[in-house]
Amino acid sequence: MQNQVLSILKEKKSSIFELWTKKQSNLNAFDSFSNNEENESEDFINAFFNALNESSIEDVSATEFDKVNEMLIGISISRAKRGFSPRENATYLLTFKEAVLEILSKEIEDPTILYANNLKISNIVDNMTILTFEAFMKGREDVILRQTDEISEISTPVIKVWDGIVALPIIGTLDSARTQIVMENLLLQIVETGSSIAILDISGVPAVDSLVAQHLIKTVSATRLMGAECIISGIRPEIAQTVVHLGIDLSNIITKATLASALKTAFVMLQLEVQKKRTNI
Amino acid sequence: MLIFKEQDVVPFRNRVKEYAVKISMSLLNQTKLITAASELVRNLLKYGGGGQVVIEAVNNGRENGIRLVFTDKGPGIKDLSMAMKDGYSTGKSLGLGLPGTKRLVSEFDIQSEFGNGTTVTIIKWKNG
Amino acid sequence: MDRIPILKMGDFLLVTIQVDLYDQLAENLETDLINSVRKYNSRGVLIDISAVSIIDSFMGRILGNIAVMSKIMDAQTVVVGMQPAVAITLVELGLPMNGVHSALNVEKGMEKLRAKIFNDDNPGQEDDSSFE
C-alpha cells in the first residue's frame, strides 16, 4: 500500500515540479524563478523524494530528512539576507505541498488511503515549513547584528583636528556598551597620534542622565591616567540643567559649550596662538 | 591551581591569560579579567591563608566565557555588606577591593562564613 | 634576587618596568628608588610602564607610594606610557591614583617634570605649559 504511494510520487516527480514552479510564478509579484532558484528547487525536490521511504514517511523527524532540512535552512537564510518577505519564504514550501497533494489526489482513488497519505505528507512538509521559518528569522537577525556593528563603528570616529589634539563627536545614545567602544577607540587614537588633548563633543547625544554622565566621567579619568587631557564640548542648556538637578559633579572636568571654544581652549593649553596674517598693501 | 605563596601569583595570571586568549577575548576584557583575578588571588593569599583557584572555560548558550572560583579555608568575612561597599572615596585602607573587582567582571558571587572560609566565583563573558 | 634597574638621566631618574612586580621586587624598587633620589639629588622620577599590561591595586599602591616618597625627598614623579586597556581597567577598579602624574611618553614626561619643577621652584611665576 505504502509502496504504491511512494512509487506514484517518484514517478510523478517532474509533473509535481512543473506544477510547483507554476504556482510559484503565479504568486510572485516580480520576475519568477531565476536560474539559480530553479536549480535550488530541483535539488530540493530530488532530495526530498530520495529521502521518502516507508519509514520516513511516518516520521517528520526521520534522519533521512536531515540533508533536505539542511538544504532548506540554507535557502531560507540566503533569502532572508536577500530581502525576501516572510510570506514569500513560507509559500515556497506551502506551494510545494499543494502541488504534491494535487497530484496525489489525481492518482489515488481510495479516499481513505488518499486522506491518510495527505496527512503524512502534510505533517512532513509542515514541519519543514517551520524549519524554514526559524532559519529565515535567524538570517534576518544576522543582518541586524551586522548592521548594529557597522553603526557602532561609524558613529564613533576620532578626528585629528590639530597636532596633538583629537576630537570625538559622539552621535546617538551613550550606553555602557557604546562607552566601552568610545573609550577604547579614543585612548588608542590618543596613543597612536600622540595627542595630549581630546575633545569629546556631545551635542549629538540626546539625553544625559547620571549613567551617561558617569560614563563620560570615566572616559575623562582614563584619559587623564594616560597623561592626556579631556575637554567635553557641545553641552546644551538642557543638559546643563539636568546635570545640576541630578546632582552630578562635573567640577573636575573642563566643559565648553561648543567645539570651537573647546578648540580655542586646547590651543591655549598647548600654548598655541592663532594670528591673522598681515597683508602688505 | 593551588596558590600558597607569592610566587604562585604570576604563573596563575599567565594561566588565566591563556584561557582568555583561547576564547579570543578582546584585550580590554582580558585586562579586566586578569586584573580582577589578581585582586582576588591577593585576597586569597593575604586574608585566606592561601587556597585554590579553579579556572574553566564556560558557555551560557549564547557566548563563551571564563569562570574562576577562588576557595580558601581562612577566617571568612564577618560583614559581607560592608566589604562590598565602595570605600575608596574615603581614601582610607583599600580593604578587599571587592566592589571595584565586581565592576570588572560580568558575574560576581561571594559566599563567606565567619570562621569557615570564603568562596568567590567570577565569570567574564567574551564580550564583556 | 632581581632588582629593577634605575637609570640616571641628568636631573632625573628613569625606571622601566618590564616584569610583573611581586611583593619583594616592589619593595626593593621603592627602596632603591628612594636611595637613588638621595644619592643623585634627583628632582624627578620617570616610571615607564608601557610594557606593563596589568596594574592591580597592589601595583597602584606601589606607584602611589613612590610618588609620595619622592615628593618628600623633593622629587616629582611622572608615570609614562600607560596602556589604554590598563587605564580603562584602573578607572573601573576605582583606584584613586592621587599624586601620580602621567604623560603619554618619556619625552612628554620629561617636559612635564621640568614644568612641575619650575613651578615648585618659582611659586607665583606659574608656567602655563603645564596644565595639570
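Everything numeric here is computed off the predicted structure, so don't read it as measured data.

**Observations concerning the overall build of chain A**
- Scanning chain A from terminus to terminus reveals ten helices and five strands.
- At 32 Å, chain A has a C-alpha radius of gyration far larger than the 19 Å of a compact globule built from 281 residues.
- Seen along its three principal axes, the alpha-carbon backbone of chain A occupies a region of about 100 × 55 × 30 Å.
- The burial tally for chain A puts 27% of its 281 residues in the buried class.
- Considering only residue pairs separated by 6 or more positions, chain A has 74% of its internal contacts joining residues 24 or more positions apart.

**Quick look at helix α2 (residues 57-72) of chain C**
- An ideal rise of 1.5 Å per residue puts 22 Å on 16 residues; α2 of chain C measures up with 22 Å between its terminal C-alpha atoms.
- All buried positions along α2 of chain C are accounted for by S57, M59, I62, L63, I66, A67 and S70 of chain C.
- Where α2 of chain C is buried, its residues contact α2 (27-46) of chain B together with α1 (23-40), β3 (44-48), β4 (76-80) and α3 (84-93) of chain C.
- Positioned one or two residues after α2 of chain C, D74 of chain C has a phi angle of 70 degrees, which is positive.

**Some details on unusual backbone geometry**
- Here Q271 of chain A, not a glycine, exhibits a phi torsion of approximately 60 degrees, which is positive.
- When you line up the elements, Q271 of chain A lands in the segment after α10 (259-269).
- A residue is classified by how many C-beta atoms lie within 10 Å of it, and Q271 of chain A, with 10 of them, is exposed.
- In this model, S24 of chain B sits at a positive phi of 55 degrees, which is unusual for a non-glycine residue.
- Among the structural elements, S24 of chain B can be located in the loop between α1 (9-22) and α2.

**Comments concerning the sheet that holds strand β4 (residues 229-233) of chain A**
All names here are of chain A.
- Read across the open sheet, the five strands follow the order β1-β2-β3-β4-β5; overall the sheet is mixed. The two strands at the open ends of the sheet, each matched to only one other strand, are β1 (159-162) and β5 (254-255).
- As defined by bridge partners, strand β2 (residues 165-171) adjoins strand β3 (residues 197-204) across six bridges and the pair is classed as parallel. Counted as the bridge partner of I165 is I197 from β3.
- The strands touched by helix α7 (residues 176-193) within the sheet are β1, β2 and β3, with β2 carrying the most contacts at an inclination of about 165 degrees.

**Some remarks on the interface of chain A and chain C**
- With 17 residues of chain A at the contact, the number on the chain C side is 15 residues.
- Looking at the side of chain A that touches chain C, the elements that each hand over two or more residues are α7 and α8 (210-225) of chain A.
- Top contributing element to the side of chain A that touches chain C by residue count: α7 of chain A, with five residues.
- Looking at side-chain class alone, the side of chain A that touches chain C contains nine nonpolar, five polar and three charged residues.

**Points about the nonpolar core**
- Counting 95 residues, the largest nonpolar core has A198 and I199 of chain A, V41 of chain B together with V45 and A87 of chain C as the members making the most contacts within it.
- Among the elements that take part in this core, α2 of chain B stands out by supplying nine residues, more than any other.
- Counting residues in each nonpolar core, the second largest holds 21 residues, with W20, I57, V68 and Y92 of chain A among its members.

**Digging into the domain arrangement of chain A**
- Once the domains are mapped, chain A shows domain 1 (2-149) and domain 2 (159-269).
- Taking only C-alpha atoms into account, the centre of domain 1 of chain A sits 56 Å from that of domain 2 of chain A.

**Considerations on the packing of α7 of chain A against α3 of chain C**
- Contact geometry of α7 of chain A with α3 of chain C gives a least axis separation of 9 Å together with a crossing angle of 135 degrees. Between α7 of chain A and α3 of chain C, the crossing angle belongs to the class labelled oblique. The handedness of the crossing between α7 of chain A and α3 of chain C is right-handed. On α3 of chain C, the residues that touch M183, E184, L187, L188 and V191 of chain A of α7 of chain A are P84, A87 and I88 of chain C.
- Along the lines of polarity and charge, the residues of the contact of α7 of chain A with α3 of chain C split into seven nonpolar, no polar and one charged.

**So, the environment of S105 of chain A**
- As for its position among the elements, S105 of chain A is in helix α5 (residues 86-107).
- Separated by ten residues in sequence, S105 of chain A and Y115 of chain A have C-alpha atoms that sit 9.0 Å apart.

**Looking at the pairing of β4 of chain A**
Residue and element names in this part refer to chain A.
- The buried fraction of β4 is high, at five of five residues.
- Alternating residues of β4 divide into E229, I231 and S233 and C230 and I232, and every residue in both groups is buried.
- Across five bridges, the pairing between β3 and β4 is parallel. Within β4, the residue paired with L200 across the bridge is I232.
- At this point the chain moves from β4, through helix α9 (residues 237-245), to the parallel β5, and the crossover so formed is right-handed.

Reading the values: rules and limits
- Residues numbered from 1 in each chain as written.
- Chains lettered and ligands numbered in written order.
- Predicted model: local features only at pLDDT ≥ 70, side-chain atom pairs only at ≥ 80, totals over all residues.
- Helix = DSSP H or I, 4+ residues; strand = E, 2+ residues; numbered from the N terminus.
- Rg over C-alpha atoms; globule rule 2.2 N^0.38 Å.
- Buried ≥ 20, exposed ≤ 12 C-beta atoms within 10 Å, placed from the backbone.
- Contact = placed C-beta atoms within 7 Å.
- Expected span 1.5 Å × (residues − 1).
- Pairing = 2+ DSSP bridges.
- Axes fitted to C-alpha atoms, helices over the stretch in contact; angles between N-to-C directions.
- Nonpolar A, V, L, I, M, F, W, Y, C, P; charged D, E, K, R; others polar.
- Core = buried A, V, L, I, M, F, W, Y, C linked by C-beta atoms within 7 Å.
- Domains from an automatic or database assignment.
- Parallel < 35°, antiparallel > 145°, perpendicular 65-115°, else oblique.
- Left-handed = near helix turned anticlockwise from the far one by under 90°.
- Right-handed = clockwise from strand over helix to strand, strands pointing away.

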